[in-house]
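If you want the building blocks of each chain, they are given just below.
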2 protein chains.
Amino acid sequence: MLLSYKRMNQHATARTLITEGRKLFASKGFDGASVREITTRAKANLGAVTYHFGSKEALYHTVLEEVFDDLAMRVEAAAAGPGTPDTRLRAIVAAVFDFFRGAPDAPLLVIREIAKGGPPPMPTVPRVRRVFAAITGVIAEGQEAGTMRRIPPFLGAFTLMSQCVWFSVMGPRMPAMLNIQIAPATLSEQVADHIAEVVSRALAVEDSHA
Amino acid sequence: MLLSYKRMNQHATARTLITEGRKLFASKGFDGASVREITTRAKANLGAVTYHFGSKEALYHTVLEEVFDDLAMRVEAAAAGPGTPDTRLRAIVAAVFDFFRGAPDAPLLVIREIAKGGPPPMPTVPRVRRVFAAITGVIAEGQEAGTMRRIPPFLGAFTLMSQCVWFSVMGPRMPAMLNIQIAPATLSEQVADHIAEVVSRALAVEDSHA
């Protein structure tokens, strides 16, 4: 009983380290977030990151695994949903917007590492591949069925994801940047609908396009 | 004669500070680039940044003005070029790709400031507005002529710029990230053509679209 209580506490400490680590990695980057600040905010001792994860990098990777697993699972679920390939691509756009609404820090977690010019953080690679595989799978299905034009499917996935990711980073700054008057929620809805329509049009078969 | 020679040297120092500052701001961010390192690389004395620009921030702003003026001018030139609105939007995509080929560091110069969550660096705002104004102007023209569908023009500009910017950042990493075999130059050409086609389809009038 005492042991299981201790285990529960250990689990709670690990979770708090993930939560506080995530906040600091997003606001300060991997290099800027210190183990001391993470453990202080988590009300844990200085050795807690090493004890629970092995290293600051391993904690960072755990954060990225959780965040990008969530993205990959949402996209895979939407890709496997009901409806035509076109309907499912629209559902994927909605799923990606839902993901970024719940995890607006996701781009910030990797943006500085990408700015450094090195490879993207290791845990993101297989998960971004899953995202692209799910999208290209739906496109290939549409191409097989003759309802989508035969371009390399990764280009369709690029059109979908690049617009969603860019909007998740720049969206909150768009009204001020472009001097347009629009409520953030309205803008987000309008852009999500627009991206879904753009992807649909990008893949429409030649005959139906002027 | 002596004075004009001295002025030439002063001008040369200012230019070298801009060049070396740009490299360091791109690789280390505004905070990471120290005045000491900039002046050392420029073979200037420690006070040279203050003497020529007033502050590190003013040097950073000078760099951003030059880089984003170049982008704005290229887009404005393509927007004012010959051909139909559709042809000119395609020319704008090509111009933006040309810009990023010559200035692959442009996103890196601002990405960390954006990651901080504050407003974008001041000199980028009027220049990004010029870019969007040029693109939305062409779209509005197409809408007037009845050859482009009536969506808010900024959405068309968003579709154009978001894909170009995302590719300029992630393009070099795409083949490894997505595990596809393609030469970088081929990929760049293929994506530029694809974006131009996507923008064209995004704006095609309803009747001509299934």
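Placed above this text is the structure.
Remember, it's a predicted structure, so these values are computed and weren't measured experimentally.

(A) Up close: the relation of the copies chain A and chain B. Superposing chain A onto chain B requires a rotation of 180 degrees together with a translation of 0.0 Å along the rotation axis, leaving an RMSD of 0.0 Å. Classification of the inter-copy transformation places it as that of a two-fold axis.

(B) Up close: the packing of helix H4 (residues 56-79) of chain B against helix H6 (residues 106-115) of chain B. Residue and element names in this part refer to chain B. Two elements in contact, H4 and H6, have axes separated by 10 Å at closest approach and are oriented at 130 degrees. It follows from the interaxial angle that H4 and H6 lie oblique. The two elements H4 and H6 cross, and the hand of that crossing is left-handed. Contacts between H4 and H6 involve Tyr-60, Val-63, Leu-64, Val-67 and Phe-68 from the former and Ala-106, Leu-109, Val-110 and Glu-113 from the latter.

(C) View of empty space enclosed by the protein. Taken as a whole and judged by the stated rule, the model has 1 cavity of 30 Å³ or more. Within this model, the largest cavity holds a volume of roughly 950 Å³. If you go around the largest cavity, you meet 43 residues; those closest to its centre are Trp166(A), Val169(A), Val165(B), Trp166(B) and Val169(B). Its residues placed into classes, the lining of the largest cavity shows 41 nonpolar, 2 polar and no charged.

(D) View of the pattern of salt bridges. The full count for this structure, using the stated rule, is 28 salt bridges over all chains. Two residues, Lys23(B) and Glu20(B), come together in a salt bridge whose shortest N-O distance is 3.3 Å. Here Lys23(B) pairs with Glu20(B), and both are found in helix H1 (residues 2-32), just 3 residues apart, close to one helical turn. The buried category is assigned to Glu20(B), whose relative accessible area is 12%. When salt bridges with common partners are traced through the structure, they connect Asp69(A), Glu76(A), Arg127(A) and Arg130(A) into a single cluster.

(E) Layout of the nonpolar core. The biggest cluster of nonpolar side chains holds 142 residues, and the ones touching the most others in it are Leu89(A), Ile92(A), Ile135(A), Leu89(B), Ile92(B) and Ile135(B). Once residues lying within four places of it in the same chain are set aside, the contact partners of Leu89(B) are Ile135(B), Val138(B), Ile139(B), Met148(B), Leu160(B), Val199(B) and Leu203(B).

(F) The arrangement of the interface of chain A and chain B in detail. Contacts between the two partners involve 52 residues from chain A and, on the opposite side, 52 residues from chain B. For the pair chain A and chain B, the summed buried area comes to about 4,600 Å², and 69% of that belongs to carbon and sulfur atoms. Of all residues in chain A, Phe158(A), Met177(A) and Arg201(A) bury the most surface against chain B, accounting for 18% of the area lost on that side. If you look at where chain A meets chain B, you find 0 salt bridges. Here chain A and chain B share 15 residue pairs in polar contact (both at pLDDT 80 or more) between them.

Criteria and cut-off values
Residues numbered from 1 in each chain as written. Chains lettered and ligands numbered in written order. Predicted model: local features only at pLDDT ≥ 70, side-chain atom pairs only at ≥ 80, totals over all residues. Heavy atoms only, no water. Least-squares fit on C-alpha atoms with pLDDT ≥ 70 in both. Axes fitted to C-alpha atoms, helices over the stretch in contact; angles between N-to-C directions. Helix = DSSP H or I, 4+ residues; strand = E, 2+ residues; numbered from the N terminus. Parallel < 35°, antiparallel > 145°, perpendicular 65-115°, else oblique. Left-handed = near helix turned anticlockwise from the far one by under 90°. Contact = heavy atoms within 4.5 Å. 1 Å grid on protein atoms, 1.4 Å probe; cavity = no way out; pocket = protein on both sides within 12 Å on 5 of 7 lines; lining within 4 Å. Points joined across faces, edges and corners; volume = space filled by probe spheres on them. Nonpolar A, V, L, I, M, F, W, Y, C, P; charged D, E, K, R; others polar. Salt bridge = Lys/Arg side-chain N within 4 Å of Asp/Glu carboxyl O. Buried < 20%, exposed > 50% of the residue type's maximum accessible area, 1.4 Å probe, protein only. Core = buried A, V, L, I, M, F, W, Y, C linked by side-chain atoms within 4.5 Å. Buried area = accessible area lost by both parts, 1.4 Å probe. Polar contact = N/O pair within 3.5 Å; in protein donor to acceptor, adjacent residues only side chain to side chain.

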